[in-house]
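Understanding the architecture of this molecule
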Amino acid sequence: MIMSQINRNFEELLENNVQEFSGAMALNSDVQGMVKNTFDVQVKLSLKMHLTYQWWKSAEGKQAMEYAGIVMTTEDFRDIWGYKKAFFSEMINLGKLRESESNKISEYKQSTENRSVRGCLKFAKDGAESDEESEGGESSTTLMTFSAKAEALESDKGASLRLLSDGKIEGVNERSIEALEMLLAKAKEQFNA
């Protein structure tokens, strides 16, 4: 018996024995379609956001804003879109990707059913890295991460470190080391209390 027939038989069994299952497969199909459509809409929106953001930052945009008497910080601009800072940045980066390397987005869409802005950006980044790595060896995966927000460091920038499976550590700088040392000191304090 082929798998699609087994699946259909199982589906009929559930429809006949579980009242709540009625219509579940159609609803599931709708949801999967929405996820795909949501990503496609996000890609279109990201390009518009990116191009609008570029204009807003340009000399022409600044002059037009000044002429209209509008004063707006980056945070104000981001708030117009209604996104938190991290997702706003991801959307802008997706827009840049859409403008310059739309083929990466197409490749991503072909590679997965579960699509997201962050997943696409990671795919584009890792794809670029794996092209280089294929010449020199295998790609590495992240085994451990550490990140600290700017507020925790009383700084204008956060810090992060990533331990990779090839033994390399990304993000090593004075700020990230100080942040990790601060966390370890607090953890030892709490452990010994």
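Residues numbered from 1 in each chain as written. Predicted model: local features only at pLDDT ≥ 70, side-chain atom pairs only at ≥ 80, totals over all residues. Heavy atoms only, no water.

Structural notes on the sheet that holds strand S1 (residues 142–148)
Spatial ordering of the open sheet is given by S1-S2-S3, a layout of three strands whose pairing is antiparallel. This sheet does not close on itself; its edge strands, each paired only once, are S1 and strand S3 (169–170). Across six bridges, S1 lies against strand S2 (residues 159–164) in antiparallel orientation. Along S2, the bridge assignment pairs Met 144 with Leu 163. (Pairing = 2+ DSSP bridges. Helix = DSSP H or I, 4+ residues; strand = E, 2+ residues; numbered from the N terminus.)

Comments concerning the environment of Tyr 108
Residue position: Tyr 108 is located in helix H6 (residues 102–111). A relative accessible area of 5% means that Tyr 108 is categorised as buried. For the pair Tyr 108 and Ala 124, spaced 16 residues apart in sequence, the C-alpha separation works out to 7.6 Å. Among all residues touching Tyr 108, those that are not within four sequence positions of it are Phe 39, Asn 114, Arg 115, Ser 116, Gly 119, Cys 120 and Phe 123. (Buried < 20%, exposed > 50% of the residue type's maximum accessible area, 1.4 Å probe, protein only. Contact = heavy atoms within 4.5 Å.)

Re the packing of helix H5 (residues 85–100) against H6
Following both chains from N to C, one finds H5 and H6 inclined at 105°, their axes separated by 5 Å at the closest point. With respect to their mutual orientation, H5 and H6 come out roughly perpendicular. Residues Leu 94, Leu 97, Arg 98 and Ser 100 of H5 form the contact with H6, whose own contacting residues are Ser 102, Lys 104 and Ile 105. Within the contact of H5 with H6, the residues separate by chemical class into three nonpolar, two polar and two charged. (Axes fitted to C-alpha atoms, helices over the stretch in contact; angles between N-to-C directions. Parallel < 35°, antiparallel > 145°, perpendicular 65-115°, else oblique. Nonpolar A, V, L, I, M, F, W, Y, C, P; charged D, E, K, R; others polar.)

Things to note about the side chain of Ser 46
Mapped onto the secondary structure, Ser 46 falls in helix H2 (residues 24–57). Only 3.4 Å separates the side chain of Ser 46 from the backbone nitrogen of Gly 95, close enough to count as a polar contact. Apart from residues lying up to four places away in sequence, Ser 46 is in contact with Met 91, Leu 94 and Gly 95. (Polar contact = N/O pair within 3.5 Å; in protein donor to acceptor, adjacent residues only side chain to side chain.)

Quick notes on the nonpolar core
Among the nonpolar cores identified, the biggest contains 18 residues, and Phe 39, Tyr 53, Phe 88, Leu 94, Leu 97, Ile 105 and Cys 120 are the most heavily contacted of them. Broken down by secondary-structure element, the contributors of at least two residues to this core are H2, H5, H6 and helix H7 (117–136). Each residue touching Cys 120, except ones within four places of it in the same chain, is listed here: Phe 39, Leu 94, Leu 97, Ile 105 and Tyr 108. By size, the runner-up hydrophobic cluster in this structure holds six residues, among which are Ala 148, Leu 153, Ala 159 and Leu 161. (Core = buried A, V, L, I, M, F, W, Y, C linked by side-chain atoms within 4.5 Å.)

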